[in-house]
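# What the coordinates show
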Amino acid sequence: MAAIAFEAVQKRYPDGFEAVKDLDLAIADGEFLVLVGPSGCGKSTALRMIAGLEDISDGAIRIGDEVVNDLAPRDRDVAMVFQSYALYPHLSVRRNIGFGLRMRGMDRGEIDRAVTEAAAMLELTQHLDRKPSQLSGGQKQRVAMGRAIVRRPMAFLMDEPLSNLDAKLRVSMRAEITRIQKLTRTTTVYVTHDQIEAMTMGDRVAVLEHGRLLQVGAPRELYERPKNLFVASFIGSPSMNLFDAEIALRGDEVVLALKGQDITVSAGDRADRLRSQQGRAVVLGIRPEHLATAAPGLPTLKAEVTLVEHLGAAQLVHLVTGAVSSRIAAPSDDDEIARARGESLAMLPVELDILTGQSISLSVLSERLYLFDPETGASLDDRLH
């Protein structure tokens with residue numbers, strides 16, 4: 001096992017495209033770090049540079065204490081698990097898992113012991129004599145993991161390993177991979193575009209966009225204290241509601257003025273600090289799960305219900321607020337169109353009787369209101385208090 005470090009790493013292609021820009025990132029020995037971001041953000045390129053499958057243009061990559069820029073992939077002592085299982089169809093599970101060890105010339109008895117141990121860890125013992133065609137998708141992915149585990153590498157590198165699995169299997173495999181990583185205590189770098197995978201698996205999560213590292217931290221830190229609009233809108237499901245607003249005074253009250261309505265900021269230190277910023281344009285963020293039915297003394301958002309989706313334990317309520325929704329850092333074109341129409345979301349208890357066409361007032365705690373600079377996207381304050 002070993003720590004991994006990116007030191008001012010860049011990746012430029014011959015046509016001038018910069019896939020990774022000045023990446024500085026330290027991954028601790030034994031840590032499970034997830035690289036997350038939309039397609040084309042540079043996360044897979046960063047992973048492939050660790051493995052030596054992509055050359056770096058500038059900077060340095062360290063595995064342990066050694067700079068590995070010029071080392072061939074086979075000399076880096078890392079094991080990759082890909083989106084495709086890359087199993088040999090004519091070999092049994094036993095021989096697939098032990099293939100790399102045989103190529104190294106390891107003693108047959110040692111290979112058998114390593115394969116038996118890995119199979120037990122992955123609950124594959126009863127499948128060792130089967131061929132890949134006789135396995136489910138989840139079992140095939142565990143075989144691919146077993147092939148990596150038996151090598152006892154310094155690091156596991158996983159490139160969207162669950163993207164070919166159905167939704168239910170992805171959930172169980174997330175837990176399986178996390179369990180195995182904790183057992184082996186092997187440094188792991190995991191790439192995904194799925195922020196739910198990132199939040200549930202990683203010790204820390206690194207968010208990339210357009211080749212740049214925007215924020216790295218524990219999942220809860222990214223959720224509760226996003227440093228910018230992109231992280232705020234990318235982390236969390238459903239994504240954060242964003243509104244164009246202005247800090248204003250209404251008598252003694254500090255409000256966030258949206259088109260068509262005001263959201264009063266509860267009295268306190270944060271309201272006092274905002275008072276001095278009267279007239280400043282901001283982007284207001286409110287997470288759907290932080291909205292609740294109106295309560296006295298709390299900031300209130302008025303809206304009309306356009307659709308109700310029942311999710312079992314909760315209901316996802318689609319709203320039109322009349323406010324202009326921000327299009328900055330919208331996760332998708334569909335979200336951007338919806339926000340331009342003033343559409344928002346609220347995650348509410350299923351016990352509430354909410355109907356399409358109903359007018360509704362919703363409250364949010366002042367500490368759950370997020371403010372961002374509309375020009376730079378930077379967080380103006382972690383949260384209102």
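Heads up: the structure comes first, above all this text.
This structure is a prediction, so every number in the text was calculated from the model and none was measured.

### Digging into the pairing of strand 10 (residues 212-217)
As paired elements, strand 9 (residues 204-209) and strand 10 share five bridges and run antiparallel to each other. What sits directly across from V205, in strand 10, is G217.

### Description of the pattern of salt bridges
Using the criterion set out here, one finds 13 salt bridges in the structure. One salt bridge connects E7 with R62, and the closest N-O pair in it is separated by 2.8 Å. Taken together, the residues E7 in strand 1 (residues 4-12) and R62 in strand 4 (residues 58-63) connect sequence positions 55 residues apart. The exposure class assigned to R62 is partly exposed, which follows from its relative accessible area of 29%. As a salt-bridge pair, E54 and K11 come within 3.6 Å of each other at their nearest N and O atoms. Of this pair, E54 sits in the loop between helix 1 (43-51) and strand 4 while K11 is found in strand 1, placing the two residues 43 residues apart along the sequence. With respect to class, E54 is no different from K11; both count as buried. Each of K11, R48 and E54 takes part in salt bridges that share partners, so that together they form one network.

### What to know about the packing of aromatic side chains
Per the stated rule, a full pass over the model turns up four aromatic pairs. Between the aromatic rings of Y88 and F99, the centroid separation amounts to 4.6 Å while the plane-to-plane angle is 40°, which identifies the pairing as tilted. One end of the pair, Y88, is in the loop between strand 6 (78-81) and helix 2 (93-103); the other, F99, is in helix 2, and 11 residues separate them in sequence. Aromatic side chains F230 and F234 sit 5.6 Å apart centroid to centroid with 15° between the ring planes, which places their arrangement in the stacked category. With F230 and F234 both in helix 8 (residues 229-234) and four residues apart, this pair spans about one turn of that helix. Judged by its relative accessible area of 15%, F230 is buried. On the basis of relative accessibility, which here comes to 13%, the residue F234 falls in the buried class.

Cut-offs used in this document
- Residues numbered from 1 in each chain as written.
- Predicted model: local features only at pLDDT ≥ 70, side-chain atom pairs only at ≥ 80, totals over all residues.
- Heavy atoms only, no water.
- Pairing = 2+ DSSP bridges.
- Helix = DSSP H or I, 4+ residues; strand = E, 2+ residues; numbered from the N terminus.
- Salt bridge = Lys/Arg side-chain N within 4 Å of Asp/Glu carboxyl O.
- Buried < 20%, exposed > 50% of the residue type's maximum accessible area, 1.4 Å probe, protein only.
- Phe/Tyr/Trp six-rings, centres within 6.5 Å; stacked < 30°, edge-to-face > 60°.

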